[in-house]
Amino acid sequence: MALGDLVIDETVTMTGVRVLSVDAPGTKVEVCAQGAGTIRGVSATSLYTYTQLQRPDGSIYGEGHGIITTQDGDVILITATGSARATAPGGTIKFRTMLHAQSTSEKYADLTGIGLAGEYDAASDGTATHKCWEWK
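Model, not experiment: these values are computed from the prediction.

Quick notes on the rules
- Counting restarts for each chain, with residues numbered from 1 along the sequence as it is written.
- Thresholds applied to this predicted model are a pLDDT of at least 70 for local features of residues and 80 or more for the giving and counting of side-chain atom pairs; totals over whole chains, interfaces and linings are not thresholded and use all residues.
- Note that water and hydrogens are dropped before the side-chain values are worked out from all heavy atoms of the structure.
- The helix count covers DSSP runs of H or I at least four residues long, the strand count covers runs of E at least two residues long, and both are numbered beginning at the N terminus.
- We take the radius of gyration over the C-alpha atoms and set the globule estimate at 2.2 Å times the residue count to the 0.38 power.
- Note on classification: 1.4 Å probe, protein chains only; a residue is buried when its accessible area is under 20% of the maximum for its type, exposed when over 50%, partly exposed between these limits.
- Note on contacts: a residue pair is in contact if any heavy atoms of the two residues lie within 4.5 Å.
- Here the Shrake-Rupley method, with its probe set to 1.4 Å, supplies the accessible areas, and only the displayed protein chains count as covering residues.
- Throughout this description, the term salt bridge denotes a Lys or Arg side-chain nitrogen within 4 Å of a carboxyl oxygen of Asp or Glu.
- When DSSP locates at least two bridges between a pair of strands, those strands are taken to pair.
- Under this definition, polar contacts are N or O atom pairs within 3.5 Å; protein pairs additionally need one hydrogen-donor-capable and one acceptor-capable atom, and for neighbouring residues in sequence, both atoms have to be side-chain atoms.

Trainee: Even after reading the chapter, I still don't get the overall build of the protein, so can you show me in this structure?
Mentor: Within the protein one finds zero helices and eight strands. When the helices and strands of the protein are listed from N to C terminus, the series reads β-β-β-β-β-β-β-β. Its C-alpha radius of gyration of 15 Å places the protein within 12% of the 14 Å reference for a compact globule of 136 residues. On the principal axes, the C-alpha backbone points of the protein span a range of 45 × 35 × 25 Å. Sorting the 136 residues of the protein into buried and exposed places 41% on the buried side. The contacts in the protein between residues at least 6 apart in sequence include a share of 45% that link residues at least 24 apart. Of the roughly 7300 Å² that the protein leaves accessible, carbon and sulfur atoms contribute 55%.

Trainee: Looking at this structure, I do not really get unusual backbone geometry. What am I missing?
Mentor: Among all residues except glycine, the phi angle is most often negative; among peptide bonds, the trans geometry is most common. The phi dihedral of Arg40 falls on the positive side, at around 50 degrees, and the residue is not glycine. With respect to the helices, strands and loops of the structure, Arg40 is situated in the loop between strand 2 (26-39) and strand 3 (42-54).

Trainee: Would you mind going over the pattern of salt bridges with me for this structure?
Mentor: Note that side chains of opposite charge can pair when their charged atoms are close. Overall, the coordinates contain six salt bridges when judged by the stated rule. Here Arg40 and Asp110 are joined by a salt bridge, their closest N and O atoms 2.7 Å apart. In this pair, Arg40 is assigned in the loop between strand 2 and strand 3 and Asp110 in the loop between strand 6 (93-102) and strand 7 (115-122), connecting sequence segments 70 residues apart. Among the ionic pairs, Lys94 bridges to Asp121, the shortest N-O distance being 3.8 Å. With Lys94 in strand 6 and Asp121 in strand 7, this pair connects stretches of sequence that are 27 residues apart. Here Asp121 falls in the buried class, since its relative accessible area comes to 15%. In this structure, a network of salt bridges that share partners links the residues Lys94, Arg96 and Asp121.

Trainee: Explanation requested: the environment of Gly41 in the structure shown.
Mentor: Within the element layout of this structure, Gly41 appears in the loop between strand 2 and strand 3. The exposure class of Gly41 is exposed, given its relative accessible area of 63%.

Trainee: Looking at this model, I keep getting lost on the pairing of strand 3. Mind explaining?
Mentor: Every regular strand shows the same layout, with side chains that alternate between the two sheet faces. The sheet contact formed by strand 2 and strand 3 spans 13 bridges and is antiparallel. Within strand 3, the residue paired with Glu30 across the bridge is Thr51. Where strand 2 folds back onto strand 3 in an antiparallel hairpin, the turn is made up of two residues, including Arg40, whose phi is positive at roughly 50 degrees. Where strand 3 and strand 4 (residues 59-70) come together, 11 bridges link them in antiparallel fashion. Each bridged residue has a counterpart across the sheet, and for Ser46 the counterpart in strand 4 is Ile68. Connecting strand 3 to the antiparallel partner strand 4 that follows it, the hairpin turn spans four residues, and Gly58 within it adopts a positive phi of roughly 95 degrees.

Trainee: What should I look at first to understand the side chain of His130 in this one?
Mentor: You can see His130 is positioned in strand 8 (residues 127-135). Here the side chain of His130 touches Glu10 through a polar contact of 2.7 Å, side chain to side chain. Filtering out sequence-adjacent residues up to four positions away, His130 remains in contact with Ile8, Asp9, Glu10, Val12, Tyr48, Leu99, Glu119 and Tyr120.

Pasting the structure below:
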């Protein structure tokens with residue numbers, strides 16, 4: 001496996017959190033977030049909704065969906081999963097993610113057939129840095 005070019009580089013801010021369940025498998029929350037940055041160097045904004053399950057062993061599993069819109073009006077749909085370990089209060093949660101993109105835009109249509117390996121580092125202040133590379 002080798003990682004290729006940086007595809008997504010953005011800063012994300014959580015806009016809402018909702019507790020979905022608290023039971024034996026763990027605590028499940030829904031997170032809404034919006035981002036700004038670039039996709040392949042082109043300015044873009046993004047919207048995401050994802051759930052994360054914090055398990056009793058300290059591991060966290062997340063999955064969700066998003067939409068990225070470029071300054072040129074191109075739209076890229078995202079499906080994602082990720083895993084992390086819980087941190088001490090105030091620490092940064094370092095999700096390692098796998099994204100799958102879909103777009104009808106000619107400029108981004110090639111993303112439909114590849115995976116994007118990523119880092120989503122969520123700080124305790126509700127911001128995150130998000131970077132994804134082409135997985136070759």
